[in-house]
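Understanding the architecture of this molecule
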Amino acid sequence: MKRILSFIAALVMTAAVCCSCGDTDAGTDSPETSETAENEEVIIPQTESDVRRQTYTKAIDRGEKPEVAAVHLSCVCDGDISEKVSISDLYNVNVLHSGVVGLVGVPIKLTYDDSLSETKLYFIYDADELRGIPPKNFIMLHYNEESQFYDTVENFVLNEDEHTVSADISEGGVYLLADAYQWYECWGLDVSEYAYDKHPEDHPTDWERECDTGSIMELANKA
């Protein structure tokens, strides 16, 4: 009888130990799993546009046409943007584009690789060189090779705080800024909303700028 009681007691003790070990293992697993979850690094992927957007800048140094100081092209691009974009100053290079009525600054020729996307063109103007032209009069024009005429670029945006005129574009070619008053007037359109006091005597003429003569009126007064 004593031997049976001792055997039963041994079984009870063995079961208790096993249960205790099982509880310990469960308790150990749970904190380890929780710690792993807490320490797991969460990576927020960047969008393709953020990663690849680049800007190409062409500085314009034209003493005779200083209204436009630079031109930017912002786009999504693989690789080095400087190898896929070209911006050329056409002033006094192309007679047609250089002679646009109301031209502000210089006309530029833009070429870029077909792989570029989300392209946006910026003209950066010098507010001190506008000779009285109100920035609100600026229009962006694009030369249409098929019609051989200048189209107004749709939805261009003027930012007077940053001194930019910008537009989303879908093709290269010749682009320029013009004074809407002079441009539309030469085609016989109503320009009353663009009218402004020019006061030409307060500003150098194109000829004075190009020949760097200074004020013709001052020279005449000295004669």
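Treat the numbers as computed from the prediction; the structure is a model and nothing was measured. (Residues numbered from 1 in each chain as written. Predicted model: local features only at pLDDT ≥ 70, side-chain atom pairs only at ≥ 80, totals over all residues. Heavy atoms only, no water.)

1. Brief notes about the overall build of the protein
On a plain count of helices and strands, the protein comes out with six helices and 10 strands. With 223 residues in all, the protein has 32% of them scored as buried. Long-range pairs, those at least 24 residues apart, make up 65% of the contacts in the protein between residues at least 6 apart in sequence. Taken as a whole, the protein presents about 14,400 Å² of accessible surface, with 51% of it coming from carbon and sulfur. (Helix = DSSP H or I, 4+ residues; strand = E, 2+ residues; numbered from the N terminus. Buried < 20%, exposed > 50% of the residue type's maximum accessible area, 1.4 Å probe, protein only. Contact = heavy atoms within 4.5 Å. Areas by Shrake-Rupley, 256 points an atom, 1.4 Å probe, with all protein chains shown as cover.)

2. Concerning the pairing of strand β7 (residues 149-152)
Both faces of the sheet carry side chains from a regular strand, because those side chains alternate between them. Bridge count for strand β6 (residues 138-144) against β7 is four bridges, and the pairing is antiparallel. Within β7, the position partnered with H142 by the bridge is D151. Taking the residues between adjacent antiparallel strands as the criterion, β6 and β7 are bridged by four residues, where Q148 takes a positive phi near 55°. (Pairing = 2+ DSSP bridges.)

3. Here we look at the sheet that holds strand β10 (residues 173-179)
Backbone-to-backbone hydrogen bonds pair the strands of a sheet. The strands run either parallel or antiparallel. Strand order in the open sheet made by the five strands is β3-β4-β10-β6-β7, with antiparallel pairing throughout. A single partner strand is all that each edge strand has here, and the edge strands are β3 (85-89) and β7. Sheet twist, expressed as the average angle between the axes of neighbouring strands with direction ignored, equals 30°. (Axes fitted to C-alpha atoms, helices over the stretch in contact; angles between N-to-C directions.)

4. So, the nonpolar core
Counting residues in hydrophobic clusters, the biggest one holds 47 residues, and the most contacted among them are V85, L110, L121, F123, M140 and Y175. Broken down by secondary-structure element, the contributors of at least two residues to this core are β2 (68-76), β3, β4 (103-112), β5 (117-125), β6, β9 (164-168), β10 and α4 (180-185). Among the elements that line this core, the one with the most residues is β4, at six residues. (Core = buried A, V, L, I, M, F, W, Y, C linked by side-chain atoms within 4.5 Å.)

5. Details of the sheet that holds β2
One open sheet accounts for five strands, arranged β1-β2-β5-β9-β8; its pairing is antiparallel. A single partner strand is all that each edge strand has here, and the edge strands are β1 (53-59) and β8 (157-159). Between one strand axis and the next, the sheet turns by 20° as a mean value, whatever way the strands run. By the bridge criterion, five bridges tie β5 to β9 in an arrangement that is antiparallel. Counterpart to I124 in the pairing with β9 is T164.

6. Quick look at the layout of surface pockets
Gaps between atoms show up when a probe of the same size as a water molecule is rolled over them. When its volume is computed, the second largest pocket comes out at roughly 190 Å³. As for the second largest pocket, its lining consists of H142, D151, T152, V153, E154, D168, I169, S170, E171 and Y175. When its residues are assigned to classes, the lining of the second largest pocket shows three nonpolar, three polar and four charged. (1 Å grid on protein atoms, 1.4 Å probe; cavity = no way out; pocket = protein on both sides within 12 Å on 5 of 7 lines; lining within 4 Å. Points joined across faces, edges and corners; volume = space filled by probe spheres on them. Nonpolar A, V, L, I, M, F, W, Y, C, P; charged D, E, K, R; others polar.)

7. Focus on the confidence of the model for the protein
Of the residues in the protein, 66% reach a pLDDT of 70 or more, and the chain-wide mean stands at 80. Here residues 14-39 is modelled with pLDDT under 50, and outside its nearest four sequence neighbours on either side it reaches zero contacts, counting other chains as well. (pLDDT = per-residue confidence, 0-100.)

8. Digging into the pairing of β9
Among the five residues of β9, four are classified as buried, and the element is accordingly described as predominantly covered. Sheet topology note: the β8/β9 ladder contains three bridges and is antiparallel. Its bridge partner being in β9, L158 is matched across the sheet by V165. The turn linking β8 back onto β9 is made up of four residues, and H163 within it adopts a positive phi angle of 60°.

9. Considerations on the side chain of E64
For E64, the position within the fold is in the loop between β1 and β2. Judged by relative accessible area, which is 16%, E64 ranks as buried. Only 2.8 Å separates the side chain of E64 from the side chain of R62, close enough to count as a polar contact. (Polar contact = N/O pair within 3.5 Å; in protein donor to acceptor, adjacent residues only side chain to side chain.)

10. Here's the deal with the environment of I169
Position of I169 among the secondary structure elements: in the loop between β9 and β10. Among the residues examined, I169 registers a relative accessible area of 9% and is labelled buried. The spatial distance from the C-alpha of I169 to the C-alpha of N155 is 9.8 Å, given a sequence separation of 14 residues. With sequence-adjacent residues up to four places away left out, I169 is seen in contact with L73, L110, Y112, T119, L121 and Y175.

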